[in-house]
Structures are given as structure tokens and as C-alpha cells.
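Residue-level structure breakdown
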Amino acid sequence: MAKTMLVKNADVLVTMDAERREIARGSLYIEDNRIVAVGSTEALPSTADEVLDLTGHIVLPGLINTHHHMYQTLTRALPAAQDAELFGWLRALYPIWARLTPEMIAVSTKTAMAELLLSGCTTTSDHLYIFPNGCRLDHSIEAALEMGMRFHASRGAMSVGESQGGLPPDSVVEAEDAILKDTQRLIETYHDPSRYAMLRIAVAPCSPFSVSRDLMRESARLARAYGVSLHTHLAENDNDVAYSRAQFGMTPAEYAEDLSWVGADVWHAHCVKLDDAGIALFGRTGTGVAHCPCSNMRLASGIAPVRKMRAHGVPVGLGVDGSASNDAGHLLNEARTAMLLQRVGYGPDAMTARQALELATIGGARVLGRDDIGALAPGMAADFVAFRLDQLAFAGGLHDPVAALVFCAPVNVAYSVINGRVVVREGQLTTVDLGPLLEQHNRLARALVNGEP
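Read on for an overview of the structure. What you see is a predicted model; the values in this text were computed from it and never measured. What you see as residue numbers is a count from 1 along each chain, following the sequence as written. A pLDDT threshold of at least 70 governs which residues receive local features in this predicted model, and a stricter bar of 80 or more applies before side-chain atom pairs are shown or counted, although totals over entire chains, interfaces and linings include all residues. The side-chain values count all of the structure's non-hydrogen atoms but skip hydrogen atoms and water molecules.

Attention now goes to the overall build of the protein. Starting at the N terminus, helices and strands are each numbered in turn, a helix being any DSSP run of H or I of at least four residues and a strand any DSSP run of E of at least two. Scanning the protein for helices and strands turns up 14 helices and 17 strands. Per-residue accessibility, obtained with a 1.4 Å probe over protein chains only, is compared with the maximum for each type, and a residue is labelled buried under 20%, exposed over 50%, and partly exposed between these values. Out of the 453 residues in the protein, the part that is buried amounts to 62%. Counting contacts in the protein only where the partners sit at least 6 residues apart, residues at least 24 apart contribute 75% of the total. Residue burial considers only the protein chains on display, and all accessible areas are found by Shrake-Rupley using a 1.4 Å probe. Here the protein displays about 16000 Å² of accessible surface, and carbon together with sulfur accounts for 51% of that area. Lys and Arg are tallied as positive, Asp and Glu as negative. Neither His nor the chain termini are counted. We put the charge of a Lys on NZ, of an Arg on CZ, of an Asp on CG and of a Glu on CD. Positive and negative charge centroids in the protein, built from 38 and 51 side chains respectively, lie 2 Å apart. In this analysis, two residues are considered to be in contact whenever any of their non-hydrogen atoms come within 4.5 Å of each other.

Right, here's the structure in full:
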């Protein structure tokens, strides 16, 4: 018999469904891991195996993070990389990341996921592209299973080191045949293509300046043979564009198209410098973009033309990006920043609060190739979050609670439910003891940066 859950009396239930309904005194009825009914509290069943009375809360679909580098939580705010643009920042950090261990990968994944969960995120991707000292993507996957988060694990890779004209040191690149072999192993071992899947694998060579054209082409062939998604960085800043022109004689978008890296099964991180022709190409082909506003500002990369992308039908979601280029992993804050940054660049009506929430929910679902998350509707996964409205941050802002969630200072969730399971209850994580985790994380961060055994 199915386990049932009733969520009732939400002050506002933000559905993000096709009609964008916002239901006063809203309610959800859930069986196991899926939503079976959505409506007013009076219209839904009155009992269930578990009842959450969310009077005084706003409820919305779980937020979706489309780009991250979780291991970077170990190197936040590092003095040597505080004031650099992308290439200088990477050169400062590559030698430190070369000392990563499997334990560091696992613990940093848990820490990054804890931060995301408390910010309202229920589904995340992660782009792990450096594998020294026996590190494997498996270490991230095992940590995600413990945390209870819906996970798109991207098997990244770097294969072109400095001696071959790439950016990373030769010590942190891999042989391309080994990359492809391990990627195939991961897909065959872990990838779940089914509806409501908690774990999927993506194929993700790191960037134009760290992998070869051959690896990009072969990665696309491998991904499409298995029906999995493709992910990489693209057009992040002016130096990135200049590298593509100098090495390949193409713009980043032309490079992506030449290598068959466009389509609904592909999403690119950043695209700050995507030109008009590239935007039109991505719109025609349904190629997705992970917009990372805080990271783009932190590294002075620029303002991604998200308004123009959306106008051309480009799927756009949000990403917190690495915690050494953002130094935070708060997805609700990313939505707020996305709205504000578009206004700085393109005017006060460039993005509304509700459009920012669309990026964080159904936008991210489309980017990740999912039609079972990102909205609260019958048949969708039982992923939702609830924020208390009686907090200081919202005082005086309850004329429009939905807008207040984005305009006002970012807050943490009171509840998070993923796949029908309560992962945050009354503001506390239920799957991990945060105190010991942070103590372990900080110890490993010191060891990594100081080169200690």
C-alpha cells in the first residue's frame, strides 16, 4: 500500500504549472514519491499517513541547480585567488586541487549538498573534472545517496595540459581513452533513465581550453549511444572567447555546433559571452544554458544576456557554480541575484521575481532534460520546499509573498521534501549531523590548502 502525505494550509502554494497557479491555503496530496492532487486545502483529502500543516509558509517546487563544482567548498575565499579573472583564478587553484583525496571529494559533496538543501534546492548537478590520488566520481555519488538529494553527476575531464597548449598543468590531465572508458563504466553502473530517477550521469569534458576536439566528439558519440546528457563550460569570459578563436578559428558557439554539442540533450555553463548568432543557434536547437550570476560577477566575467536568451527560446536554468568562484551555494540567493543582475544590465523590467523563480524551477528542469520535476502538479515528483513567512527578512513584504521570496534577503527553508521523503524538517537536516560534518570539512580544507598529509 502506498505511503501518503498531506501538505495543507500553505499561505501560498506556488505550482509553476502550465497556468502558473498560486493557490491560497494550498494543499498537496502525495502517494509514495509522486504528487497525485494539488488544490485548495478544502478540496483535497483531510488525512494521510503524514500530515504537514504549513500554515504561515509559502510552498513551491524544489529548486534545481544546474551547475556546481562541489569539491571547491574546500577552497572558498582563498587569498591567492580572491582577485583574479577566470584563467588566473584557475592557475592559482589547479596545484591545490591536485592534492584532493577521495575523502575530500566525499565530505565536500556532503557539505555542498547540505548548503543547497537548506537553501531550497532539491535537485542538483555537479561537474567533477579533476581526479587525482584515486579520486572517482563514485565518491560523490555515494555521498549524494547519503544526503538524499536528487543528483545529476557529471563525469568531467581534462586531457589537454599546458605542454599541449591547454590551461591546466600536465599533472592533472588524464588520457582520453581512460576518460571514455571510465565514463562508460559510470553510465552502465549508475545511470537511471526512469521517471523520478534520483541519480543520472552526464558526460562532461571540462572546457575548450582543457580538452581536445577528439574528446569532445567522442564524448558526444558516447552520450548519445547511451541516451545521457552532455555538459561543458562555454563562452565564460573574453579570454575564453579569445582562446576559441585563436585555437579553433571559431566562436564558442561555432565550436559547439561543429562538434555536435548542440541539442536538447546538451547544456553549457555560463555563456556570458554567447553572441547573437549563438543565442539563435541555441534557441533553434533547444540547447540549454546554466546561468551562474554570482560566479560571473565574482570573476568579473560579465552579465550573461539571459533576457535575450529567453526571448529566443533558449532553455535557461540557474547554477551556483563552484564554491571557490561564488563562495556560496545558496540557490534562492542565486535567483535573487539573477533578477538583480539582469536589471543592472538591461533595465528594471528585464526580469521579474516570478521569472527568476521560473529559472530556478521549471527552467532548470528543462535544462537537465526532466519533465518530472520543477512544478507541483499531478504526476510530478514529490519535491517541494516550504519557507516560513514570519521571518524578519519578510517583515513588511507580505503584500506579495511570492515576490518577497526573491526581493527580500535570502532565507533558509523550514521544510524540504525530496521524492516524498522529508530531508529538512523545521529547518534541520534529517540525513546528516551538520556539526561533525563541518568540523571534518574544515580540517580537510586546511590540510588541502596547506599541503598536509
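Moving on, we come to the packing of aromatic side chains. Centres within 6.5 Å make a pair out of two Phe, Tyr or Trp rings, where for Trp the six-membered ring is used; the pair is then stacked when the planes are under 30 degrees apart, edge-to-face when over 60, and tilted otherwise. The tally for this structure, following the rule as stated, stands at eight aromatic pairs. Arranged with centres 6.0 Å apart and planes meeting at 85 degrees, the rings of Tyr71 and Tyr129 form a pair that is edge-to-face. Here Tyr71, found in the loop between strand S6 (63-65) and helix H1 (86-97), pairs with Tyr129, found in the loop between strand S7 (121-128) and helix H3 (137-147); they are 58 residues apart in sequence, far enough to count as distant. On the basis of relative accessible area, Tyr71 is assigned to the buried category, the value being 2%. With a centroid separation of 6.2 Å and 85 degrees between ring planes, the pair formed by Tyr94 and Trp97 is classed as edge-to-face. Highlighted residues: Tyr94 and Trp97, both in helix H1, separated by three residues, approximately one helical turn.

So, on to the nonpolar core. Trp89, Leu90, Trp97, Leu100, Phe282, Phe384 and Phe387 are the most contacted members of the largest nonpolar core, which has 147 residues in total. For Leu90, the contacting residues outside a window of four places in its chain are Trp97, Tyr129, Leu167 and Phe209. In this text, buried Ala, Val, Leu, Ile, Met, Phe, Trp, Tyr and Cys residues form a nonpolar core when linked through side-chain atoms within 4.5 Å.

This part takes up the state of the cysteines. One way to say it: the disulfide is the covalent bond shared by the sulfur atoms of two cysteines. The disulfide definition used here is simple: a pair of cysteine sulfur atoms within 2.5 Å. Summed over all chains, the structure comprises zero disulfides. In this structure Cys121 is not part of a disulfide, and its nearest cysteine sulfur, from Cys292, lies 12 Å away. With no disulfide partner, Cys206 has as its closest neighbouring cysteine sulfur the one in Cys292, 13 Å distant.

Going residue by residue along strand S15 (residues 415-418), you find Tyr415 and Val417 tucked away on one face and Ser416 and Ile418 tucked away on the opposite face as well. Looking at chain direction, strand S14 (residues 384-388) and S15 are connected through three bridges and run antiparallel. Residue Val385 lies in a different strand from S15, and its bridge partner there is Ser416. A pair of strands is labelled paired if DSSP reports no fewer than 2 bridges between them. Between S15 and strand S16 (residues 421-425), which pair antiparallel and follow one another directly, the connecting turn spans two residues, one of which, Asn419, has a positive phi of 55 degrees.

Axis separation between helix H4 (residues 176-190) and helix H5 (residues 213-226) bottoms out at 11 Å; the angle between their running directions is 20 degrees. One element, H4, and the other, H5, form an angle in the roughly parallel class. You can see that H4 and H5 cross each other, and the crossing is right-handed. Along its contact with H4, which presents Glu176, Ile179, Leu180, Thr183, Gln184, Ile187 and Glu188, the element H5 presents Asp214, Leu215, Glu218, Ser219, Leu222 and Tyr226. Here the residues of the contact of H4 with H5 are counted per class, giving six nonpolar, three polar and four charged. Throughout, an axis means a line fitted to C-alpha atoms (over the contacting stretch in the case of helices), and angles, computed between N-to-C directions, take values from 0 to 180 degrees. Just so you know how the angles are binned, under 35 degrees is roughly parallel, over 145 roughly antiparallel, 65 to 115 roughly perpendicular, and the rest oblique. Throughout, a crossing is termed right-handed when the near helix is turned clockwise from the far one, and left-handed when it is turned anticlockwise from it by less than a right angle. All amino acids are sorted into three groups, where Ala, Val, Leu, Ile, Met, Phe, Trp, Tyr, Cys and Pro are nonpolar, Asp, Glu, Lys and Arg are charged, and the leftover types, Gly among them, are polar.

Our focus in this paragraph is the side chain of Thr4. Mapped onto the elements, Thr4 comes out in strand S1 (residues 4-14). The buried category is assigned to Thr4, whose relative accessible area is 11%. A polar contact is formed between the side chain of Thr4 and the backbone nitrogen of Asp49, at a distance of 2.9 Å. The contacts of Thr4, once residues within four sequence positions are left out, are Tyr29, Ile30, Glu31, Ala48, Asp49 and Glu50. Each polar contact in these results corresponds to two N or O atoms within 3.5 Å; when the atoms are within protein, one needs to be able to donate a hydrogen and the other to accept it, and residues that are neighboring in sequence are counted only if both atoms are side-chain atoms.

This part takes up helix H11 (residues 331-346). In this analysis, the expected span of each helix is defined as 1.5 Å times one less than the number of residues it contains. Its 16 residues give H11 an end-to-end C-alpha distance of 22 Å, which sits within 8% of 22 Å, the value for a rise of 1.5 Å per residue. Looking one or two places after H11, you find Gly347, whose phi comes out positive at around 115 degrees.

Here the focus is empty space enclosed by the protein. Every definition here rests on a 1 Å grid over the protein atoms only: cavities are sets of points where a 1.4 Å probe fits but cannot get out, pockets are open sets enclosed by protein on both sides within 12 Å along at least five of seven lines, and lining residues have some atom within 4 Å of a point. Grid points are joined across faces, edges and corners, and a volume is the space filled by probe spheres set on the points. On inspection of all chains with the given rule, the structure shows one cavity of 30 Å³ or more. As a volume, the largest cavity reaches approximately 120 Å³. Taken together, 16 residues line the largest cavity, and the ones lying closest to its centre are Leu86, Trp89, Leu90, Tyr129 and His233. Here the lining of the largest cavity takes four residues from H1, the largest share from any one element.

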